[in-house]
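# Architecture and fold: a report
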Amino acid sequence: MSRRRQVYEGKAKILYEGPEPGTLIQYFKDDAIAFNAQKRGTISGKGVLNNRISEHLFTLLGQIGVPTHFIRRLNMREQLIRQVEIIPIEVVVRNVAAGTLSTRLGIEEGTQLPRTIIEYYYKDDALGDPMIADEHIACFGWASQEEMNDIADMAVRVNDFLCGLFAAIGIRLVDFKLEFGRLWENDYARTILADEISPDGCRLWDMRTNEKLDKDRFRRDLGGEAEAYQEVARRLGLLPEGENIVLDLDQHRQKKGR
Ligand code: UDP
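This write-up is about the structure you can find in this document. (Residues numbered from 1 in each chain as written. Predicted model: local features only at pLDDT ≥ 70, side-chain atom pairs only at ≥ 80, totals over all residues. Heavy atoms only, no water.)

## So, the site of the ligand
The local shell around the ligand holds 16 residues, among which R94, T100, D175, R203 and R219 are the closest. One of the side-chain N or O atoms of D175 is found 2.6 Å from an oxygen atom in the ligand. Separating an oxygen atom of the ligand from a side-chain N or O atom of R219 is a distance of 2.9 Å. When isolated, the ligand has an accessible area of 490 Å², and the protein chains bury 80% of it. Put simply, the parts of the chain that give the shell around the ligand at least two residues each are β9 (89–96), α2 (99–105), β12 (171–185) and β14 (202–206). For the shell around the ligand, the per-class residue count stands at five nonpolar, three polar and eight charged. (Near = heavy atom within 4 Å. Polar contact = N/O pair within 3.5 Å; in protein donor to acceptor, adjacent residues only side chain to side chain. Areas by Shrake-Rupley, 256 points an atom, 1.4 Å probe, with all protein chains shown as cover. Helix = DSSP H or I, 4+ residues; strand = E, 2+ residues; numbered from the N terminus. Nonpolar A, V, L, I, M, F, W, Y, C, P; charged D, E, K, R; others polar.)

Take a look at the structure:
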């Protein structure tokens, strides 16, 4: 690896200084972490797949007018992005009951919600990302009212677009998490979509079989997580027929004697 300056290391990604001011390089790791870092592992090839999947989805979202931090993919595991100031709020959009919504409110997993729910969580690992309301965001100044309006509007647009996109390839978009950032232009900050959209932060169920094609395979010890991520990439048309990133990587490792 190069001697670039590391700006930040998160659970699934590393950020390096970019080639020009205002840019960063986002590197996708194979590390998988769940339950606020209580469960750790690796999913072979995940970083490569998430880089491709996120590139694809952010590019399409850009084309329908959702501003994003994505500039271009650089290589298998890296993409060039715009540097933003991350707004410390995780935005969760839900179409179907699952995960914490089901456990917290006792609603059976898989129940179609009569309307889409948007929830906010305060991004703070030490506090375990607690759920918050608009009132907390306003009270503690985590985002302005204008930013929250933009975020809610974009979350709905992203959801409508992705629901259709995934439905067309036989996948139900159950829920997902978004993060937004402030792009400073002189004294004015524009709110844009940041982070990533990949099976790490989405629940994706096969429409026919209800099979989980996302990080729940890891969280719930179901096995086959690499194959599930690969299946999502394949259905999105990102893997030429016959290409198998997981096996290819394994063969590559064996060749290198690792
Ligand atoms: N999610 C995420 N990061 C988090 C928490 C949730 O990406 O720190 C995603 C998760 O993958 C799911 C959605 O947000 O698609 C809703 O997650 P939930 O609140 O059900 O929590 P979980 O069961 O994932 O802990």
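## Considering the pattern of salt bridges
Pairs can form between side chains of opposite charge whenever their charged atoms are close. Considering all chains together, one arrives at 30 salt bridges under this definition. Between E109 and R220 there is a salt bridge whose closest N-O contact spans 2.8 Å. A residue pair is termed long-range when its members are at least 10 positions apart, and E109 in the loop between α2 and β10 (112–122) and R220 in the loop between α5 (216–219) and α6 (225–235) qualify at 111 residues. Across the pair K177 and D195 runs a salt bridge, and its minimum N-O distance is 3.4 Å. Within this pair, whereas K177 is found in strand β12, its partner D195 is found in the loop between β13 (188–194) and β14, the two being separated by 18 residues in sequence. Judged by relative accessible area, K177 falls into the partly exposed class, the value being 21%. Look at D195 and you get buried, because its relative accessible area is 13%. It is possible to trace a salt-bridge network through shared partners that takes in R94, R104, E109, E119, D175, R203, K212, D216, R219 and R220. (Salt bridge = Lys/Arg side-chain N within 4 Å of Asp/Glu carboxyl O. Buried < 20%, exposed > 50% of the residue type's maximum accessible area, 1.4 Å probe, protein only.)

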